[in-house]
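Each chain is listed here by its residues.
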Amino acid sequence: MSRPQALLLLPALLLGFTCGQASHAQAAGAPAPTWVVDPALPGENLPGVGRSLFDRLFAVQRGEQAEIELPFPFEALLARLDAQLQREPASPLPPAKRVLIPLGRSLQRTAAAPDYFAYPRVVVAVDASPAAFGAPLLKDRLYLGYQEKSAVLEVISYNEAAGRFEFQLVKDYRAGGKPKVVYAPRTLCFACHQNGAPIFSRALWDESNANPQVAALLLASGRRFYGIPVERGVDVPYAIDNASERANGFALTQLLWQEGCGGNDVTGHRCRAGLFAATLRHALAGGQSWTADADFEQAVAAPLRAEARRRWPGGLAIGNPDIANRNPLQGMRHWPADSAARVAFSHVAAPFDPLLPRPSREVWRADAPDALRKLVAGLSEFVAATDRARLDAALARPATVPVVRVTAPCRFAASKAASRASLRCVAPGGTLLEGTLAWQAGRLVDGDLTRLTLADGTALNAVRLRPAGRATPAVTKLQPIVDGRAARTAAGNAIAVIEVRRPAGNDHGEVMIEVRQDFAIVQQAVDRLVSGPQVAALFAPAPFPREPLFAALFGELGMAGARGGTGCCQAARALPPPQLEVPAVAPAEPAAAAMPPTAANDTAQRSFQPYCAACHQTAETFPPNFLQGSPAEVVTRLRHCAPRLYVRLAMADLLPEQREKTPMPPESVLPAFASSSQAWRSSPLRAALLAQVEGWLRAETGQSPQLRSMLSAGYEALRPCLPPQ
């Protein structure tokens with residue numbers, strides 16, 4: 001198994017992407033891949049439909065209206081999250097995974113300076129299933145970043161109705177504070193979160209407390225950190241990495257569900273219904289590979305391939321959530337006492353900057369052999385474990401279904417323990433059972449199969465065999481269990497019984513495997529939905545309607561009372577409309593459109609506005625909001641920020657491998673200015689901005705700025721952009 005790539009950093013609000021065309025090699029003249037999520041097109045800042053899961057989880061009804069109430073202190077919020085989630089019995093890890101990152105790459109990275117190890121940033125990712133049926137599906141869909149010193153919670157949370165992640169901030173999250181939840185400008189967030197989803201570093205996650213050196217300094221601070229163990233191996237960041245990888249696949253899944261099947265017509269409805277049935281089969285079968293039948297090929301595969309070739313002839317480029325691993329303490333012998341020396345460790349060099357454009361992780365192509373398997377597997381991430389358990393329960397009810405029986409001859413061999421024997425059963429066509437059986441008082445009582453394969457493609461490992469009914473010395477019926485659930489074939493059918501027949505004292509015998517063809521019940525329910533009155537809503541070219549679709553399915557299965565949604569989430573319907581803290585500014589928006597008329601006359605402010613305002617004209621001081629305020633305040637802040645502005649603008653003149661910092665504006669947003677890294681480098685507009693900053697620095701120092709000398713003490717030694725308050 002390859003080492004994972006992790007370390008949740010929720011920057012630009014929480015963290016970042018690449019720009020323009022997907023950088024995959026392609027044949028000359030072949031069409032370029034289309035981005036699943038274009039980092040230069042982040043979408044509307046506020047959701048047009050739905051609310052984030054964060055809003056839904058913490059909404060509380062107050063008469064006619066609702067508001068978001070957050071537990072405090074942070075330990076209480078973590079406990080509230082954990083209570084919503086299923087805990088793995090054999091795991092010591094909490095359901096909501098958390099790590100400590102004192103010297104990270106988020107926008108909040110300098111908030112605790114110079115006391116980084118006394119006030120580390122906490123990163124939380126939910127990777128566990130709901131605790132009960134009807135509870136919200138938070139798995140891979142909720143990520144938090146908490147910095148105590150700034151009293152800010154950064155939130156990445158999925159909006160199922162909109163089919164996207166929302167980016168939010170909670171301000172004034174402190175003792176005695178009045179927390180306020182606002183949505184964040186998406187352009188700012190997408191500069192780092194270039195796939196519109198959480199991002200992580202690659203292993204070994206050296207910014208986190210998985211790094212022994214980081215953990216030692218955290219312990220030396222003498223503080224407690226919200227009930228989070230300091231000394232922790234790589235298990236937590238590994239789990240967070242897996243969650244972020246799955247989360248970054250949601251955008252492809254949603255795009256193919258919405259557009260891959262075509263429009264809101266019979267063909268599109270049948271295609272999406274076929275995908276839904278295949279998804280349920282995949283979930284029930286535990287991800288086994290199912291060989292598609294003729295109906296699936298006709299209703300789903302053929303139209304989806306044709307539509308995908310038409311819409312995306314070069315394929316779909318999937319954004320990359322991985323950023324380079326960074327050890328901020330590399331080469332350090334001891335943590336310095338001097339504040340300036342400590343601040344220097346917060347420097348993020350260009351190769352490690354989440355603003356750095358990233359090539360796509362892979363390209364999905366409709367004609368690839370595994371294209372539809374990936375789509376079905378992606379859709380199965382929208383099936384909660386509790387949904388799957390409910391399906392199992394529905395199919396376990398008495399019903400008349402066809403039964404298929406398969407027999408195979410077996411050979412038994414006694415093990416060292418007299419009460420145990422191995423077995424190997426093989427039949428033509430691919431049926432194979434291998435494992436160990438246990439006897440007690442001459443009767444077979446249980447067993448374990450290391451392998452169970454059937455001719456239909458079923459391939460199961462680690463199958464537990466439990467008694468199923470009365471046994472005789474020669475015949476025993478056992479129920480196969482996989483991961484605590486009844487075993488199922490690759491086609492989604494229940495393997496009801498494995499009957500072991502072994503005459504006393506004989507090393508030969510046989511097994512009979514009984515398979516109930518019960519997935520047909522699910523297929524028939526889906527068929528009724530696609531021919532029923534709700535078809536245009538359930539199978540429309542819109543985001544995957546998880547909750548209403550499962551509610552309708554369970555209704556068809558005779559379980560109408562078991563509907564999704566709990567009291568925690570219904571209150572969100574009465575919340576006030578979502579809002580930004582201040583009006584967002586789009587890239588390339590002219591000054592006059594976003595500023596008071598008096599500001600439009602200021603040349604300096606007008607010059608920087610189109611290129612900087614999307615990230616630096618906000619209510620936040622991370623990143624520095626030097627364009628926020630009156631014209632006089634803005635010019636004062638620009639002049640104060642001149643050394644850093646000069647460095648970021650001048651970096652475009654250097655080759656990427658020579659850069660100490662990433663250039664500004666971030667290269668991932670340059671397409672929003674109808675530009676590219678090469679075009680911006682030679683642009684007269686950049687030259688004019690650089691000349692303006694050079695003029696300010698000459699007026700201040702009496703000499704022209706020199707990049708090398710300015711960076712001689714390190715970028716973090718330059719004065720900060722915002723004047724002291």
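1. Details of helix H21 (residues 684–701)
- Its 18 residues place the ends of H21 25 Å apart at the C-alpha level, agreeing with the 26 Å of an ideal helix rising 1.5 Å per residue.
- For H21, the full list of buried residues reads Arg686, Leu689, Leu690, Val693, Trp696 and Leu697. Viewed along the axis of H21, the buried residues span an arc of 120°, placing them on a single side of the element. Projecting away from the buried face of H21 at angles above 90 degrees are the exposed residues Pro684 and Ala699.
- The inward-facing, buried residues of H21 contact helix H17 (603–616), helix H18 (631–640), helix H19 (642–650), helix H20 (677–681) and helix H22 (707–710).
- The backbone nitrogen of Leu685 lies 3.0 Å from a side-chain oxygen of the residue at the head of H21, namely Ser683.
- Directly beyond the C-terminal end of H21, a positive phi value near 85° is found at Gly702.

2. Structural notes on the sheet that holds strand S4 (residues 96–101)
- Across the sheet, which stays open at both edges, the six strands sit in the order S4-S5-S6-S7-S8-S9 with antiparallel pairing between neighbours. With partners counted over all chains shown, the strands left at the sheet margins are S4 and strand S9 (180–183), one partner each. Across the sheet, the mean angle from the axis of one strand to that of its neighbour is 20°, orientation sign disregarded.
- Bridging between strand S5 (residues 121–126) and strand S6 (residues 142–147) involves four bridges; their strand directions are antiparallel. Looking at S6, one finds that Val124 is bridged to Leu144.
- Running at roughly 10° to S5, helix H2 (residues 74–83) makes contact with S4, S5, S6 and strand S7 (152–159) of the sheet.
- Together, S4, S5, S6 and strand S8 (164–171) form the strand contacts of helix H5 (residues 235–247), whose direction differs from that of S4 by roughly 115°.

3. Some thoughts on the sheet that holds strand S13 (residues 362–364)
- Spatially, three strands are ordered S1-S11-S13 in an open sheet, and the strand pairing comes out mixed. Looking along the sheet, the strands with just one partner apiece sit at the ends: strand S1 (34–35) and S13.
- Pairing of S1 with strand S11 (residues 316–318), which is carried by two bridges, proceeds in the parallel orientation. From the neighbouring strand, Trp35 faces S11, where its bridge partner is Ala317.

4. Here we look at helix H4 (residues 212–220)
- Of all the residues in H4, the buried ones are Val214, Ala215, Leu217 and Leu218. Seen from one end, H4 has its buried residues packed into an arc of 165°, which puts them on one side. Within H4, the exposed residues directed more than 90 degrees away from the buried face are Pro212 and Ala220.
- Elements in contact with the buried residues of H4: S4.
- N-cap assignment for H4: the residue whose side-chain oxygen lies 3.0 Å from the backbone N of Gln213 is Asn211.
- Note on H4: the residue one or two positions beyond its end, Gly222, has a positive phi of about 80°.

5. Observations regarding the pattern of salt bridges
- For the structure shown, the criterion picks out 49 salt bridges.
- Close ionic contact of Glu381 with Lys139 constitutes a salt bridge, the shortest N to O distance being 3.8 Å. Of the two residues, Glu381 is situated in the loop between helix H10 (371–380) and helix H11 (385–396) and Lys139 in the loop between S5 and S6; the sequence distance between them amounts to 242 residues.
- The class of Glu381 is partly exposed, set by a relative accessible area of 26%.

6. Some thoughts on the pairing of S7
- Within S7, eight of the eight residues are buried, leaving the element largely enclosed by the surrounding structure.
- Of the two faces of S7, both are covered, the one formed by Val152, Glu154, Ile156 and Tyr158 as well as the one formed by Leu153, Val155, Ser157 and Asn159.
- As consecutive antiparallel partners, S6 and S7 are separated by four residues, and within that stretch Ala151 has a phi angle of approximately 55°, a positive value.
- Looking at chain direction, S7 and S8 are connected through seven bridges and run antiparallel. In the strand pairing of S8, Ser157 is matched with Glu166.
- The antiparallel pairing of S7 with S8 creates a hairpin that spans four residues between the two strands, and Gly163 there sits at a positive phi of about 65°.

Cut-offs and rules
- Residues numbered from 1 in each chain as written.
- Predicted model: local features only at pLDDT ≥ 70, side-chain atom pairs only at ≥ 80, totals over all residues.
- Heavy atoms only, no water.
- Helix = DSSP H or I, 4+ residues; strand = E, 2+ residues; numbered from the N terminus.
- Expected span 1.5 Å × (residues − 1).
- Buried < 20%, exposed > 50% of the residue type's maximum accessible area, 1.4 Å probe, protein only.
- Arc of directions from axis to C-beta.
- Contact = heavy atoms within 4.5 Å.
- Polar contact = N/O pair within 3.5 Å; in protein donor to acceptor, adjacent residues only side chain to side chain.
- Pairing = 2+ DSSP bridges.
- Axes fitted to C-alpha atoms, helices over the stretch in contact; angles between N-to-C directions.
- Salt bridge = Lys/Arg side-chain N within 4 Å of Asp/Glu carboxyl O.

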